[in-house]
Amino acid sequence: LTTSELVDHFFRHEYGRLVATLSRRVGVKHVEAIEDAVQGALMTALQSWTTAGLPDSPSAWLFRVANNRLLDELRQQNRRQGLLREHSQGPEADSDGDLGPFSEEELAQDLLEMLFVCCDEAIPVESQLALALKTLCGFDVREIGARLFITEANVYKRLTRARQRLRERPDLAENLEGKRYSSRLPSVHKILYLLFTEGYLSSHAETAIRRELCDEAIRLTSILAADRVGKNPETSALLALMHLHSARLLARQDGSGGLLLLEEQDRALWDQGEIQTGLQWLARSAEGDVFTRYHAEAAVAAEHCLAASFQETRWEKVVQSYSLLEQMAPSALHRLNRAVAVAEWQGPAAGLAVLDGLEPPTWLAGSYMWSAVLADLHKRCGNAEIAGNYHRIANEQAPTPAVKELLERRHKRSLVATA
Amino acid sequence: MGYRRRQASFKYTNVMSKYLCMQRSLPGGENEKPSPAQMQEMYAQFGAWQEKFADNLVDMGGRLGEGKLVTSGASDGPFVEVKELIGGYMIVAAKSLDEAVEVAQACPGLVRPGSGVEVIEIHGP
């Protein structure tokens, strides 16, 4: 007897499904008991399946065990608190029935509801993100800390805040009807976007770990895009941008984990399947008359994906999209990106002109990106001394050796270009 | 004489004996709960271990639950409950105690802080 293969991320994804399904059944205010029951069920599964082999339907098996554990725990809690009446008709009533395999639609619905719960406006955004990673993606505190570059204590703090809010809130279903449901869509988009960028823009050395976050974001956004209420142009645009970025994720690093500039990347490594999927979602995102920041960002990504080479990029289109992005989501970072694109289109002086009079906010001035772009543009304009200063600052601010190396290479390259 | 002895040792190294492996909880090392991702990894490691030692794994046994000590009544108790000491058991076949130990030691998650395994030969009939 040997153990059979389980699909990738089976335990993690089952964790998410079970927490979502049980939350819908007994109420998200019990989320801590639910998570304990699910963790316990997975441990039992690990022990049982490795000795007795896989059951016919692992998911149904897990649900049964988790459900029983949870009901036991809730009964004990009730007994302790003398509040038996509260649950006399609730979870116990359906404890025996309806344990068959679930339909994909039901599971998707459960996951979606949990996602909407995570995006409760009363929960601070950083706590929303931690909660989604914990409950929907099945990462534990240590893993979340490693992915968000925060301490475990900080993760605990964020989760505690979120759970506090969940304990206070009434049950889900009534809150997620119609209008309230769609009014929370923007925060849902924001969390999914954040989840994706945590992976895509992360300075984490391991591509696999970054890929994982991107895949989780795509998985959840795809469920949203298949839903009656979640299906809208904005969701399509978000999914388009995720696929179009994801297509280029691998090519952003060289063989030894060093970062590569866009112009250095081997475009043959870009995932054409992902690009096609991204373009299909981009087309779908145009059905309707809304244009959101996700549309603008997806448009930029599409331009890069469609260009045969760095030189052949339609920079005027990229500039146009960045301008729109700036209008919709004013940010100095978007201006900075536009300056880079303008420099490629109309020359470095034009690029610098875009930044004229812009006082960068401290978070941007303190990041290597601002100084690195200015160093590059000044260097290409022939202002060697100013460029040298900015380069030094950028170097000091580089968060990782990989970024530092990239900056060094970039600086040397522009020296050659002006020579 | 020498020939016979060689034959005897030949026999000794080729006949599989059965060994009882009992997982014992050890003091210290209150182990952290594994995350779902780690569980998946453990599951895979376990599969690889089972495949590698397929010939040795006679009975995967299981975890032990509630129990009761039955005595003639004239005992000096109190006895430590067995389930507090022994979490689970399995039976492996091996040519020697050393080989049985090797199989048990390679079992993922069995030997770690807070858990060890006792390997005991079962004398056949």
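Residues numbered from 1 in each chain as written. Chains lettered and ligands numbered in written order. Predicted model: local features only at pLDDT ≥ 70, side-chain atom pairs only at ≥ 80, totals over all residues. Heavy atoms only, no water.

## What to know about the overall build of chain B
Argument step 1. What chain B contains, in helices and strands, is 4 helices and 4 strands.
Argument step 2. When its helices and strands are written in sequence order, chain B yields α-β-α-β-α-β-α-β.
Argument step 3. Among the 125 residues that make up chain B, the fraction classed as buried is 31%.
Argument step 4. Of the contacts made within chain B by residues no fewer than 6 positions apart, 81% connect residues no fewer than 24 positions apart.
Argument step 5. Accessible surface for chain B amounts to roughly 8,600 Å². Of this, 55% is attributable to carbon and sulfur atoms. (Helix = DSSP H or I, 4+ residues; strand = E, 2+ residues; numbered from the N terminus. Buried < 20%, exposed > 50% of the residue type's maximum accessible area, 1.4 Å probe, protein only. Contact = heavy atoms within 4.5 Å. Areas by Shrake-Rupley, 256 points an atom, 1.4 Å probe, with all protein chains shown as cover.)

## A look at the environment of A:Ile191
All names here are of chain A.
Argument step 1. As for its placement among the helices and strands, Ile191 is situated in helix H11 (residues 185-200).
Argument step 2. Considering only alpha carbons, one finds Ile191 and Ala108, 83 residues apart in sequence, at a separation of 18 Å.
Argument step 3. Residues in contact with Ile191, not counting those within four places in the same chain, are Cys119, Val125, Gln128, Leu129 and Ala132.

## Some points on the pattern of salt bridges
Residues and elements named next belong to chain A.
Argument step 1. One pass over the structure, following the stated rule, counts 25 salt bridges over all chains.
Argument step 2. The salt bridge partner of Glu216 is Arg219, with a shortest N-O separation of 2.9 Å. With Glu216 and Arg219 both in helix H12 (residues 207-225), this residue pair falls 3 residues apart, about one helical turn.
Argument step 3. One salt-bridge network, held together by shared partners, links Glu263, Glu344, Asp376, Arg380 and Arg410. (Salt bridge = Lys/Arg side-chain N within 4 Å of Asp/Glu carboxyl O.)

## Considering the packing of aromatic side chains
Argument step 1. Evaluated as defined, the whole model comprises 9 aromatic pairs over all chains.
Argument step 2. Taking 5.4 Å as the distance between ring centres and 50 degrees as the angle between the ring planes, the aromatic pair formed by A:Tyr193 and A:Tyr294 counts as tilted. Of this pair, A:Tyr193 sits in helix H11 while A:Tyr294 is found in helix H15 (residues 293-306), placing the two residues 101 residues apart along the sequence. As far as burial versus exposure is concerned, A:Tyr193 and A:Tyr294 are alike and both buried.
Argument step 3. The rings of A:Phe10, A:Phe11, A:Trp49, A:Trp61 and B:Tyr43 are connected pair by pair, giving a single aromatic cluster.
Argument step 4. A cation over an aromatic ring shows up here: A:Arg248 above the ring of A:Trp270, its NZ or CZ 5.7 Å from the ring centre.
Argument step 5. Looking at A:Arg284, its charged tip hangs above the ring of A:Trp281, at a distance of 4.2 Å from the centre. (Phe/Tyr/Trp six-rings, centres within 6.5 Å; stacked < 30°, edge-to-face > 60°. Lys NZ or Arg CZ within 6 Å of the ring centre and 35° of its normal.)

## Brief notes about the nonpolar core
Residues and elements named next belong to chain A.
Argument step 1. Residues Val38, Leu62, Leu133 and Leu136 are the most contacted members of the largest nonpolar core, which totals 81 residues.
Argument step 2. Apart from residues no more than four positions distant in its own chain, Leu133 is found in contact with Gly138, Phe139, Ile144, Leu148, Leu195 and Leu213.
Argument step 3. Membership of the second largest hydrophobic core comes to 23 residues, among which are Val300, Leu352, Val354 and Val373. (Core = buried A, V, L, I, M, F, W, Y, C linked by side-chain atoms within 4.5 Å.)

## Focus: the interface of chain A and chain B
Argument step 1. The interface of chain A with chain B comprises 26 residues on the first partner and 17 residues on the second.
Argument step 2. Taken together, both faces of the contact between chain A and chain B bury some 1,800 Å²; the carbon and sulfur share is 62%.
Argument step 3. The interface formed by chain A and chain B contains 0 salt bridges.
Argument step 4. Viewed at the interface, chain B and chain A are joined by 6 residue pairs in polar contact (both at pLDDT 80 or more).
Argument step 5. Counted by class, the side of chain A that touches chain B contains 11 nonpolar, 9 polar and 6 charged residues. (Buried area = accessible area lost by both parts, 1.4 Å probe. Polar contact = N/O pair within 3.5 Å; in protein donor to acceptor, adjacent residues only side chain to side chain. Nonpolar A, V, L, I, M, F, W, Y, C, P; charged D, E, K, R; others polar.)

## Some words on the sheet that holds strand E1 (residues 17-25) of chain B
Residues and elements named next belong to chain B.
Argument step 1. Reading across from one edge, E2-E3-E1-E4 is the order of the 4 strands in this open sheet, with antiparallel pairing throughout. Taken across any chain shown, the strands that pair with only one partner, and hence form the sheet edges, are strand E2 (57-63) and strand E4 (115-122). Going across the sheet, the axis of each strand differs from the next one's by a mean of 15 degrees, ignoring polarity.
Argument step 2. Sheet topology note: the E2/strand E3 (residues 86-94) ladder contains 4 bridges and is antiparallel. The partner of Leu57 across the bridge, within E3, is Val92. (Pairing = 2+ DSSP bridges. Axes fitted to C-alpha atoms, helices over the stretch in contact; angles between N-to-C directions.)

## A few points about the confidence of the model for chain A
Argument step 1. Of the residues in chain A, 89% have a pLDDT of 70 or more, and the chain-wide mean is 86.
Argument step 2. Contacts of residues 88-99 of chain A to residues separated by more than four positions or lying in other chains number 14 contacts, the stretch itself having pLDDT below 50. (pLDDT = per-residue confidence, 0-100.)

## What to know about unusual backbone geometry
Argument step 1. You will see that A:His9, though not glycine, has its phi angle at about 60 degrees, which is positive.
Argument step 2. As for its position among the elements, A:His9 is in the segment before helix H1 (10-26).

## Describing the pairing of E1(B)
Residue and element names in this part refer to chain B.
Argument step 1. Sheet topology places E1 next to E3; 8 bridges connect them, and they run antiparallel. Paired with Cys21 across the two strands is Met90, which belongs to E3.
Argument step 2. As paired elements, E1 and E4 share 8 bridges and run antiparallel to each other. Directly across from Cys21, in E4, lies its bridge partner Val119.

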